[in-house]
Amino acid sequence: MYSKLSAIDTAKRLNSDLAHGLTSESAQARVAESGANSLQEQKSVSLFQSILHQLNEPMIYILAVAAVISAAFGEWVDSLVILAIVVLNAVIGTVQEQKAEHSLEALRKLTVTHCIVIRDGVQLEISAEELAVGDIVLLDAGRSVPADLRLIETSDLQINESALTGESVPVEKDASFLAEGDLPLGDRKNMAFQGTIVTAGRARGIVIATGISTEVGRIAAMMNEQETEKTPLQKKLVWLSKVLGIFAVSACALILLIGFLHRLPTMDLLLTAVSLAVAVIPEGLTAIVTIVLALGVTRMVQKHAIVRRLPAVEALGSVTVICTDKTGTLTQNRMTVVSSYIDGTLFENGGDTDVLRPMLHNMVLCNDATVSDSRIGDPTELALLEFAKKHGITKETLEKSFPRVGEIPFDSIRKTMTTLHAAGDSTVSYTKGAVDVLLPNCSHIWTRDGIRTMTDEDRATIDAQALSMSNNALRVLAYAMRAGDATPREQYMVFLGLTGMIDPPRTEVSDSIRMCHEAGIKVVMITGDHKITAAAIGEELGLFRKDDRVLSGVELDALSDEELYEIIEDVTVFARVDPRHKVRIVNAFKARGHVVSMTGDGVNDAPSLKAADIGVAMGQGGTDAAKEASDIVLTDDRFDTIAHAVSEGRTIFTNIRKAIVFLLASNMGELFTVLIAVLLNWQSPLLPLHILWINLLTDSLPALALGIDKADADVMQHPPRSPKESLFANGGWGLVGGYGILIAVITLIAYQTVLVSTNDLLLARTCAFLTLALSQLFHSLGIHAHNSSVFQSDIHKNKTLLLAFLFGVVSLALVILIPPLSLVFDTVLPSGAHLLFIFALSLAPVLVHELVYLIKKAALKVQK
């Protein structure tokens, strides 16, 4: 409907003002009436759904069978206890799942889009969710359209509507267009739709629909809820759980067969088979991994990195190359004009305002930033406004005398920007941009004595001055003008002068780069600066060394993919590079077998962010297009945040591996204990309730605690992990099998020793139960100190693990000390001698861990 109305009629219908926008009171009232500008999000998991999810597990089905079997044989207490444990397991799982859900929900709230609006006649930046119908919105390249808009002003506006229409080619927009009849979305040239991306130009638009009333909102309302994305690791674990489930069924069948051959009592046989199934299936495996990932990405948020896609967490630990932009990431993103050159004179930190005036007018008028109420805009343009302000020239005042009537927006390929302004009865246009692009398009030069034709000597002097500024690590911009044009042009211009700006390196970057080098990660700087400037900055930061190469965009264009493949390992700085070059750089490193992280902030960076293994967008200075294409968003735009994210990614993977190895080793210990006893025709040393209690308290809780271990001190002193590396690489299966057998052997030793010496089956089972549980608790301490001695580890930093250990010991004490519980679990209180015997056996996993550590340490000394 609005595509058929003029901008004025649209504003009237929506009771808005095209110049001043809505009042703040009116906007708030409209939002309160129609709701926030947000799509219907995927419904969070309710408490009831979470409980049902916990009950819909293979282990629960097995326990239900065990409860039925126990009830069928008159063992009502056992049946009720099994059901109670099922409920307790569901409660613990639900609490952890809800915690993980809340953590991820908090992450989603951190990725809210912002937009620029005009309210009460003032330009403001607000959350897109606060938009109201009738708001006036400003658009520029790289921004996501925050709501459905009727465009009221456009300047070379192009919008990528592929997210809505599927058409990949950007659509040219025209505010003056009026639709006749009903047109498809792609043909409505005077409209912009929520979720689409501005690829070029600028515009103003009036909000006609928000939230679910937008075109994309209608589509979202018809869509089914998407399934939560599983990481490759989670998929592997689902497969592992299925394999272990099949193994459990096979083992149960074997036990039943052996039991029937040995003519064991049916009740004992069935309960033993159920015990075995419960022991084999790692019921908490996938839940623990999900929780560890959720808590891990929450920790990353605290370190200013928002993970948008969970698989990125795994890839972080494998990163071998970090390609990073210079500005704002390696530097402070606080540009300052320190040198200005005009008419043969170089001014440092200031200058003569009257001499600089033509160039100051250029800086202010050919500028899309604003510093009136708040600093909004590109850091370079903000620096130019601040410099002019020091000379008494402000944008608000100057634009009243020279209103903008046309423009050629900045383009990263063209490297220039031009604006056309009314100047009385005539016009004047101002152009700023790269020296090597702007200077060849100048035919005249401004001097104190007037404008004259530019000579070759002038060009040589200007080039020399620009080179001198570059050698001092300054970013150089050139300025030019024309007069009397009806439309903006960038040829035959009058050269005005140069400015040199500096963006100081961040103080912490050098240490972070050194940390990456120690971790076997190559750091590559990508910048639009000249080669000399780029090399100087790279050397200052410590990433550019003696034998390294600097490659310019022009040189990159001259190389074939094969030639680039041959030299890419020697390049640490890419200078004068366009966003289009980044994809080639990423692909060249990937062809070399590297796992690549690429940073970006512009709309043209989106392809390279998608091409990289991990795309990293800037949260403060990045465009919506870059954020949408990224895997991780940095909320502080700092390089050290990337380095810390890599460290956190490595830690998360290591912790998940520790939790899984511990959980499987514990389960294998239970499996071998039951299986060996049956094969030897012994009475079962463990009852189903014993295994259930152990799985619930001495397996799952320590595994969860291991999943939140602090980073190892040397986490960034090892080479990156190969993405193809198995979860059980470097002896993982050996640890699972070895410690599983060890735990089973000491459990059976405790059982058989006590049984032979006392002929008391109840006491022997109690000792086996306590030995199995305690040995697993001690084993968790060894897993925590996987690269060091338990006695030298920083276990005091993981208070959760200490609490899980203590809770496990207390739960075991309750089972043997409180009569009702000991009656239910068929346990008795062992004597002091037996308790010492159990304690000594339970230390075996720690003692073996220490022995293995000493052997490894000695082997390393021999190698050195």
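An account of the accompanying structure is given in this report.

About the cut-offs
Residues numbered from 1 in each chain as written. Predicted model: local features only at pLDDT ≥ 70, side-chain atom pairs only at ≥ 80, totals over all residues. Heavy atoms only, no water. Helix = DSSP H or I, 4+ residues; strand = E, 2+ residues; numbered from the N terminus. Contact = heavy atoms within 4.5 Å. Areas by Shrake-Rupley, 256 points an atom, 1.4 Å probe, with all protein chains shown as cover. 1 Å grid on protein atoms, 1.4 Å probe; cavity = no way out; pocket = protein on both sides within 12 Å on 5 of 7 lines; lining within 4 Å. Points joined across faces, edges and corners; volume = space filled by probe spheres on them. Pairing = 2+ DSSP bridges. Axes fitted to C-alpha atoms, helices over the stretch in contact; angles between N-to-C directions. Buried < 20%, exposed > 50% of the residue type's maximum accessible area, 1.4 Å probe, protein only. Salt bridge = Lys/Arg side-chain N within 4 Å of Asp/Glu carboxyl O. Lys, Arg positive; Asp, Glu negative; His and termini not counted. Core = buried A, V, L, I, M, F, W, Y, C linked by side-chain atoms within 4.5 Å. Expected span 1.5 Å × (residues − 1). Arc of directions from axis to C-beta. Parallel < 35°, antiparallel > 145°, perpendicular 65-115°, else oblique. Nonpolar A, V, L, I, M, F, W, Y, C, P; charged D, E, K, R; others polar. Polar contact = N/O pair within 3.5 Å; in protein donor to acceptor, adjacent residues only side chain to side chain.

## Structural notes on the overall build of the chain
Looking only at helices and strands, the chain has 31 helices and 24 strands in total. Expressed as a percentage of contacts within the chain between residues at least 6 apart in sequence, the contacts between residues at least 24 apart total 71%. Summed over its atoms, the accessible surface of the chain is roughly 37900 Å², and 58% of this surface lies on carbon and sulfur atoms.

## Things to note about the layout of surface pockets
The volume enclosed by the second largest pocket comes to roughly 1600 Å³. Along the walls of the second largest pocket sit 46 residues, with Thr654, Asp712, His718, His786 and Asn787 positioned nearest its centre. Looking at the lining of the second largest pocket, the elements that each hand over two or more residues are α24 (639-679), α26 (732-758), α27 (761-784) and α31 (844-863). Looking at the lining of the second largest pocket element by element, the count peaks at 8 residues for α31.

## Concerning the sheet that holds strand β22 (residues 596-600)
Strand order in this open sheet of 8 strands is β8-β24-β23-β22-β9-β19-β21-β20, and the pairing throughout is mixed. Both edges of this open sheet fall to β8 (305-307) and β20 (549-552), since each of them pairs with a single strand only. Between one strand and the next, the sheet's axes are offset by a mean angle of 20°, whatever the strand orientation. Its contacts with the sheet place helix α21 (residues 579-591) against β9 (321-325), β19 (522-526), β21 (571-575) and β22, and it is angled at close to 165° to β22. Sheet contacts for α24: β8, β9, β19, β22, β23 (614-618) and β24 (632-634); angle to β9, the most-contacted strand, approximately 160°.

## Details of the side chain of Thr320
By the element assignment, Thr320 lies in the loop between α11 (311-316) and β9. Note on Thr320: relative accessible area 16%, which makes it buried. Every residue in contact with Thr320, bar those within four places of it in the chain, is listed here: Gly520, Ile521, Lys522, His594, Val595 and Pro720.

## Thoughts on the pattern of salt bridges
Opposite charge on two side chains permits them to pair, given that their charged atoms come into close proximity. Across all of its chains, the model carries 23 salt bridges by this definition. Asp343 serves as the salt-bridge partner of Arg448, at 2.8 Å between the closest nitrogen and oxygen. With Arg448 in the loop between β15 (442-447) and β16 (450-453) and Asp343 in the loop between β10 (336-342) and β11 (345-348), this pair connects stretches of sequence that are 105 residues apart. Taking relative accessible area as the criterion, Arg448 reaches 43% and is therefore assigned partly exposed. Among the ionic pairs, Glu490 bridges to Arg414, the shortest N-O distance being 3.2 Å. Of this pair, Glu490 sits in the loop between β17 (475-483) and β18 (493-502) while Arg414 sits in the loop between β12 (404-411) and β13 (416-423), placing them 76 residues apart in sequence. It is possible to trace a salt-bridge network through shared partners that takes in Arg202, Asp368, Arg404 and Glu407.

## Considerations on the side chain of Arg650
Within the secondary structure layout, Arg650 lies in helix α24. Comment: no salt bridge for buried Arg650; closest opposite-charge side chain is Asp714, at 8.8 Å. The contacts of Arg650, once residues within four sequence positions are left out, are Gly317, Ala519, Ile521, Val715, Met716, His718, Pro719 and Pro720.

## Some remarks on the environment of Arg13
For Arg13, the location among the structural elements is in helix α1 (residues 7-13). On a C-alpha basis, the gap between Arg13 and Ile208 in space is 9.9 Å, while along the polypeptide they are 195 residues apart. Once you skip the residues sitting within four places of it in the chain, Arg13 turns out to touch Met1, Tyr2 and Leu5.

## Examining the nonpolar core
With 114 residues, the main nonpolar core has Leu543, Ile632 and Phe639 as its most contacted residues. Those residues in contact with Leu543 that sit more than four places away from it in its chain are Leu330, Ile513, His517, Val523, Met525, Gly538, Asp548, Thr572 and Val573. Ranked by size, the runner-up nonpolar core spans 32 residues in total, among them Cys366, Ala369, Ala388 and Val428.

## Notes on unusual backbone geometry
A positive phi angle is found at Asp120, which is not glycine, with a value near 55°. Within the secondary structure layout, Asp120 lies in the loop between β1 (114-119) and β2 (122-127). In the Ramachandran plot, Asp156 falls in the positive-phi region, its phi being about 50° despite a non-glycine side chain. Relative to the assigned elements, Asp156 resides in strand β4 (residues 148-160). Asp156 sits in the partly exposed class, given a relative accessible area of 48%.

## Things to note about helix α28 (residues 799-817)
It helps to recall that an α-helix has 3.6 residues per turn; residues three or four apart then point in one direction. Over its 19 residues, α28 runs 26 Å from end to end, which matches the ideal 27 Å to within 8%, given 1.5 Å per residue. Looking at α28, one finds that the buried residues are Leu801, Ala804, Phe805, Gly808, Ser811, Leu812, Val815 and Ile816. Buried residues of α28, viewed axially, fall in a sector of 130°; they line one side. Of the exposed residues in α28, the ones pointing more than 90 degrees away from its buried face are Lys799, Leu803, Leu806 and Leu817. The inward-facing, buried residues of α28 abut α25 (688-706), α27 and α29 (819-825).

## Points about helix α17 (residues 509-518)
When we look at burial in α17, the residues that qualify are Val509, Ser512, Ile513 and Cys516. All buried residues of α17 fall inside an arc of 100° around its axis, so they share one side. Buried positions along α17 lie against β9, β19, α18 (531-541) and α24. At the exit of α17 stands Gly520, carrying a positive phi of roughly 80°.

## A word on the pairing of strand β3 (residues 136-140)
Counting buried positions along β3 yields 4 of 5 residues, so the element is predominantly enclosed. Two elements, β1 and β3, share 3 bridges in a ladder whose sense is antiparallel. Along β3, the bridge assignment pairs Ile118 with Ile136. Here β3 pairs with strand β7 (residues 197-209) via 5 bridges, running antiparallel. Each bridged residue has a counterpart across the sheet, and for Leu138 the counterpart in β7 is Arg204.

## Describing the packing of α27 against α28
α28 packs onto α27 with a crossing angle of 175° between their chain directions and a minimal axis gap of 10 Å. Of the possible angle classes, the one that applies to α27 and α28 is roughly antiparallel. From α27, Thr766, Phe769, Leu770, Ala773, Leu774, Leu777, Phe778, Ser780, Leu781 and His784 reach across to α28, where they touch Leu801, Ala804, Phe805, Gly808, Val809, Leu812, Val815 and Ile816. Classifying every residue of the contact of α27 with α28 gives 14 nonpolar, 4 polar and no charged.

## Some points on the environment of Lys522
With respect to the helices and strands, the residue Lys522 is situated in strand β19. In the structure, Lys522 is positioned 74 residues away from Val596 in sequence and 9.6 Å away in space, judged by C-alpha atoms. Lys522 has contacts with Thr320, Val321, Ile322, Ile568, Glu569, Asp570, Val571, Thr572 and Phe589, leaving out every residue within four places of it along the chain. Among the polar contacts listed, one links the side chain of Lys522 to the backbone oxygen of Val571, at a separation of 3.3 Å.

Honestly, it's all geometry; don't read function into it.
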